[in-house]
Amino acid sequence: MKLLSWKNALRAVVWGGAAAVVLSIAGVIAATIYVVRVTGDLPDYQQLAQYEPAIMSRVHAGDGLLIAEYAREHRVFVPIENIPPDVINAFLSAEDRNFYHHGGLDFTGIMRAAFSNISNYLRGRRLEGASTITQQVAKNFLLSSEQAVARKVQEMVLARRMERAFTKDRILELYLNEIYLGNRAYGVAAAALNYFDKSLDELELHEIAYLAALPKGPNNYHPVRRPEAAVGRRNWVLTRMAANDYISEARASEAAALPLEATTRLAGETYLAAEYFVEQVRREMFNRYGDAELYEGGLSIRTTLDTRMQLAARRALRDGLEAYDRRHGYRGPLTRLEDFDDWPARLDAIRAPADIDSDWRIALVLEVTDSEAVIGFPDRSRGRIPLYALRWARSPSRDSETSMPRQGPAITRVGAVLELGDVVLVERLTADDAPNETVAEDHYGLRQIPEVNGAILAMDPFTGRVLAMVGGYSFAQSQFNRAVQARRQPGSAFKPFVYAAALDSGYTPVSIILDAPFVASGDAEIRFYRPTNYSNVFYGPSTLRRGLELSRNVMTVRLAQEMGMGPVRDYARRFGLYENMQPTLAMSLGAGEVTLVDLVGAYGALVNGGRRVAPAIVDRVQNREGRTIWLSDTRECPDCNAPEWSPDMGEPRLAALGEEAVDPVTAYQIVHMLEGAVARGTGTALRALGRPLAGKTGTTNEFRDAWFVGFSPDLVVGVYVGFDTPMPLGQGEAGGVLAAPIARDFLRPALEGYPVAAFRVPDGVSLAPVNRETGEPSALGRPGAILEAFRPGTEPRRGATSAEETLSFGFGAIRQPVSGGREDPDDDEDGEDELGGLY
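Let me sum up the structure you'll find in this document.

So, how was this worked out
Sequence positions are assigned chain by chain, starting from 1 and proceeding in written order. The predicted nature of this model means local features are confined to residues of pLDDT at least 70 and side-chain atom pairs, given and counted, to a pLDDT of 80 or more, with totals for whole chains, interfaces and linings taken over all residues. To obtain the side-chain values, all non-hydrogen atoms of the structure were used and water was disregarded. In this text, buried Ala, Val, Leu, Ile, Met, Phe, Trp, Tyr and Cys residues form a nonpolar core when linked through side-chain atoms within 4.5 Å. Categorising residues by exposure relies on relative accessible area from a 1.4 Å probe, with only protein chains included: less than 20% of the type maximum marks a residue as buried, more than 50% marks it as exposed, and the intermediate range marks it as partly exposed. Numbering of helices and strands starts at the N terminus; helices are DSSP runs of H or I of at least 4 residues and strands are runs of E of at least 2. Residues count as neighbours in contact if any of their non-hydrogen atoms are within 4.5 Å of one another. For two strands to pair, DSSP has to find at least two bridges joining them. Only C-alpha atoms enter the line fits that serve as axes; for helices the fit covers just the stretch in contact. Angles between N-to-C directions range over 0 to 180 degrees. Candidates for patches are residues over 30% relative accessible area with no salt bridge; among them, like charges are joined within 9 Å and nonpolar side chains (Val, Leu, Ile, Met, Phe, Trp, Tyr) within 5 Å. The Shrake-Rupley method, run with a 1.4 Å probe sphere, supplies the accessible areas, and residue values consider only the shown protein chains as cover. A pairing counts as a salt bridge when a side-chain nitrogen of Lys or Arg comes within 4 Å of a carboxyl oxygen of Asp or Glu. Expected helix span is taken as 1.5 Å per residue step, with the number of steps being one fewer than the number of residues. Between the rings of Phe, Tyr and Trp (Trp by its six-membered ring), a pair exists once the centres lie within 6.5 Å; its type follows the angle of the planes, with under 30 degrees stacked, over 60 edge-to-face, and the other angles tilted. When describing relative orientation, an angle under 35 degrees is termed roughly parallel and one over 145 degrees roughly antiparallel, while 65 to 115 degrees is termed roughly perpendicular and anything else oblique. Handedness of each helix crossing follows the sense of rotation of the near helix against the far helix: counterclockwise by less than a right angle gives left-handed, clockwise gives right-handed. Under this grouping Gly is polar, as are all residues other than the nonpolar Ala, Val, Leu, Ile, Met, Phe, Trp, Tyr, Cys and Pro and the charged Asp, Glu, Lys and Arg.

**Comments concerning the nonpolar core**
One finds Phe-575 and Tyr-603 to be the most contacted residues of the largest nonpolar core, which totals 85 residues. Among the elements that line this core, the one with the most residues is helix 19 (residues 596-607), at nine residues. Apart from the residues within four sequence positions on either side, Phe-575 is in contact with Phe-497, Ala-602, Ala-605, Leu-606, Arg-612, Ala-661 and Val-662. Residues Ile-83, Leu-174, Ile-179 and Ala-242 belong to the second largest nonpolar core, which totals 50 residues.

See below:
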């Protein structure tokens, strides 16, 4: 019986073993079939050999500062040999310590994860993976992130194949440049920049460990939102690095004790100031290279921007617009609180307008007396707004017929401006804000965002490089770039080109033109064209110089009619202002529309000896390999690469940039006359700078647009101010009052470092002393004598009959002796610029 029982047991074992073998074989076959099926259409991993990741394009200012990045995925590709060892070791410790010892799959890690996942499954937790870096590369590059068995099998098969096809260093290079690490950063180099504003070789050990902590879930370890989790995970990486003998225990402990401090990149005044410029660069690069190349091609874009000048330009424009805005009254509070329950928290919850000055604060009016208002801030601190700081805050309105701005009665008590519960913008006052008042430490001034807008642009006239460009008060509030996109009438800022055409048509700076009532035929809609001067006064016979210095409208129109609009139209095209200008007399007073950038470029040609160089904002573009693919200055210089050089050989000579718009002598004559506009005419705001400067104002009908273009021998700056929806700026708000002071406030810091030098006089210019009012020959030292610029042989001569000049009244010409006209008392302010009337 025992024998039978033993045989049955043996039979069962044999049959069980056979069944197990059969089932094992069947399982292997099934598994093989499954693997073959799910891996039958695997992506071609060989494509990784030619992998070129999407790299962000980077924009640098002319002084080398990084000012912008364009990207869908912020990535900077770094070859494996340039990645610091600590960075590699940190990621190996955190993600795959056996990377250099396995063949793509870490079976020890797989078994460890399998046992852990039993517990995780029973507790309802997320299952752990045991993916090696090779598997992560396979998933990130070739597969989806779906958590499925089929995808895991594909990942494992691809990992094995990749290990046979690529070196370990190549796989690690792909991983470290592709992995997403949060904060818009793909790859370790971009993460170093975005979290710490450092390159990889500048990172400290604790910062490296933090980056290595991120692959498992960047949002879980955000340094600001989840600082404790971030530090804990960072310190875990440091512990693993020490356990793997990559660093010492002492070094790990020292790094773990350091605080984790992330930074915000490309933020602050310098970057705010450059926003309009950067966006214009983006537009140009997008139009030139397209979407994919701009956002994925890794372009290196070197621009013309001077960050110091850009800051000065933004400050000058904002100060000028705010000053104008305060001249025209206070429009009311941001909002009001009906009661003071928990007012600090409610005030703190109110969102301030975008891009206000850094010194401006939101405040709540808590008490109001006749002499002051007590204000509170979200931190419960308090301040006072005194009556003297509210004198400007009169109630604004506009005339129902003319739309001219008007103001309400003078402010005699604080309650006329502020009420309890008003939420307002304020700025701490200084002695400069109220020089005639006693300014206390807790005194604040009322502020508001200007409704008026404008633009400023500065350029090197010899190269066309735009050194500063601000297209509005605030990019955050309006992305419309008024420096390049707004087309507005330049008014009298166009006159220098009319006078340049006259000088090349046989006139001289002392030629006499009659400033007297003028009537010309109109068109189908208007019977007669009758321009007027700014002051509605006529001054009789005057020289071309006086006409341009004091911006006489009637003289300019008479001059244009006398020589014909053909030359004016031709010069407008040569200077890049109008391609096909209408040949009407009103166009001689700037009735056409131009952009600020084109007007500055035209004035740049005057400074540059008559050669117009198109304004440019980009110097050079390089592709991801560092090869230059676009260059602004394409002039050839054969002598620049000479194998040897000695001082007696002289410097290599380059051909002049641009095309000649006007003869150098004519250009200098206009420059010299515009020096007079600053010294004695409509641009006197610049005299305070105490150096040779020239410029011209412009103001259109009803004071709708205010312009000023000024220049030194080496720099040109243009300013435009106006409402986006054209409306009057206000009586007297002309170019010399509104735009010229902005240019002055920019030029003061911008010209630091530039030599104080006279304008360059070209060959072919004869300087002769004349009376600046009559144009008659004079002698230096006599009252009213100046040196005037002539072409040789055209200087006035004493006692010559040519002292009698031809005068045009629009209907014919008469001969009349030269005589000086009475000056307009307003001319020194801005006696100029209206286009005149059509009747």
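**Re the sheet that holds strand 24 (residues 716-722)**
Strand order in this open sheet of five strands is 13-12-24-23-22, and the pairing throughout is antiparallel. Either end of the sheet is taken by a strand with one partner, and the two such strands are strand 13 (466-470) and strand 22 (694-699). For this sheet the average axis-to-axis angle between neighbouring strands, irrespective of direction, equals 5 degrees. With seven bridges connecting them, strand 23 (residues 705-711) and strand 24 associate as antiparallel partners. By the bridge assignment for strand 24, Phe-708 is matched with Val-719.

**A few points about unusual backbone geometry**
Glycine aside, residues mostly have negative phi, and peptide bonds are mostly found in the trans state. Phi at Arg-184 takes a positive value of approximately 65 degrees, unusual for a residue other than glycine. Among the structural elements, Arg-184 can be located in the loop between helix 6 (168-178) and helix 7 (188-196). You will see that Glu-702, though not glycine, has its phi angle at about 60 degrees, which is positive. Its place among the elements puts Glu-702 in the loop between strand 22 and strand 23.

**Digging into the environment of Arg-782**
Of note, Arg-782 is situated in the loop between strand 25 (766-771) and strand 26 (785-790). Taking C-alpha positions, Arg-782 is 9.5 Å from Val-770, a pair spaced twelve residues apart along the chain.

**Describing a nonpolar patch on the surface**
The grouping of Val-761, Leu-767, Leu-780 and Leu-787 at the surface amounts to a nonpolar patch, some 340 Å² of accessible area in total. As for its placement among the helices and strands, Leu-767 is situated in strand 25. Taking relative accessible area as the criterion, Leu-767 reaches 39% and is therefore assigned partly exposed.

**So, the sheet that holds strand 2 (residues 66-70)**
Spatial strand order, 2-1-3-19-20: five strands in an open sheet with mixed pairing. For this open sheet the edge positions go to strand 2 and strand 20 (628-631), each flanked by a neighbour on one side alone. Pairs of neighbouring strands in the sheet enclose a mean axial angle of 15 degrees, with direction left out of account. As paired elements, strand 1 (residues 57-60) and strand 3 (residues 300-303) share three bridges and run parallel to each other. Bridge pairing in strand 3 links His-60 to Arg-302.

**Details of helix 19**
With twelve residues, helix 19 ought to run about 16 Å at 1.5 Å a step, and its terminal C-alpha atoms sit 17 Å apart, in line with that. Of all twelve residues in helix 19, eleven are buried, a share of seventy percent or more. Along helix 19, the residues that are buried comprise Leu-596, Val-597, Leu-599, Val-600, Gly-601, Ala-602, Tyr-603, Gly-604, Ala-605, Leu-606 and Val-607. One or two steps after helix 19, the chain reaches Gly-609, where phi turns positive at roughly 65 degrees.

**Digging into the pattern of salt bridges**
Considering all chains together, one arrives at 49 salt bridges under this definition. A salt bridge links Arg-75 to Glu-178; the nearest nitrogen and oxygen atoms lie 3.2 Å apart. Remark: Glu-178 occurs in helix 6 and Arg-75 occurs in the loop between strand 2 and helix 2 (85-95); sequence separation between them is 103 residues. When its relative accessible area of 1% is taken as the criterion, Arg-75 is described as buried. Glu-178 gets classed as buried once you look at its relative accessible area, which sits at 15%. Between Arg-744 and Asp-745 there is a salt bridge, and its shortest N-O distance comes to 3.1 Å. Residue Arg-744 is classed as partly exposed on the basis of its relative accessible area, which comes to 21%. Several salt bridges share partner residues, and in doing so they unite Glu-269, Arg-314, Arg-315, Arg-318, Asp-319, Asp-355 and Asp-357 into one network.

**Remarks on the packing of aromatic side chains**
Counted by the stated rule, this structure contains 19 aromatic pairs. Ring geometry for Tyr-571 versus Phe-575: centroids 6.4 Å apart, planes at 40 degrees, classification tilted. Judged by its relative accessible area of 5%, Tyr-571 falls in the buried class. The exposure class assigned to Phe-575 is buried, which follows from its relative accessible area of 0%. Following the ring pairs from residue to residue traces out a cluster consisting of Phe-494, Phe-497, Tyr-571, Phe-575, Tyr-578, Tyr-603, Phe-711 and Phe-759.

**Remarks on the packing of helix 2 against helix 8 (residues 205-212)**
Orientation of helix 2 relative to helix 8, taken along the N-to-C sense of each, is 40 degrees, at an axis distance of 9 Å. On the basis of the axis angle, helix 2 is oblique to helix 8. The two elements helix 2 and helix 8 cross, and the hand of that crossing is right-handed. Seen from helix 2, the contacting residues are Asp-86, Val-87, Ala-90, Phe-91, Ala-94 and Glu-95; seen from helix 8, they are Leu-205, Ile-208, Leu-211 and Ala-212. The residue makeup of the contact of helix 2 with helix 8, split by class, is eight nonpolar, no polar and two charged.

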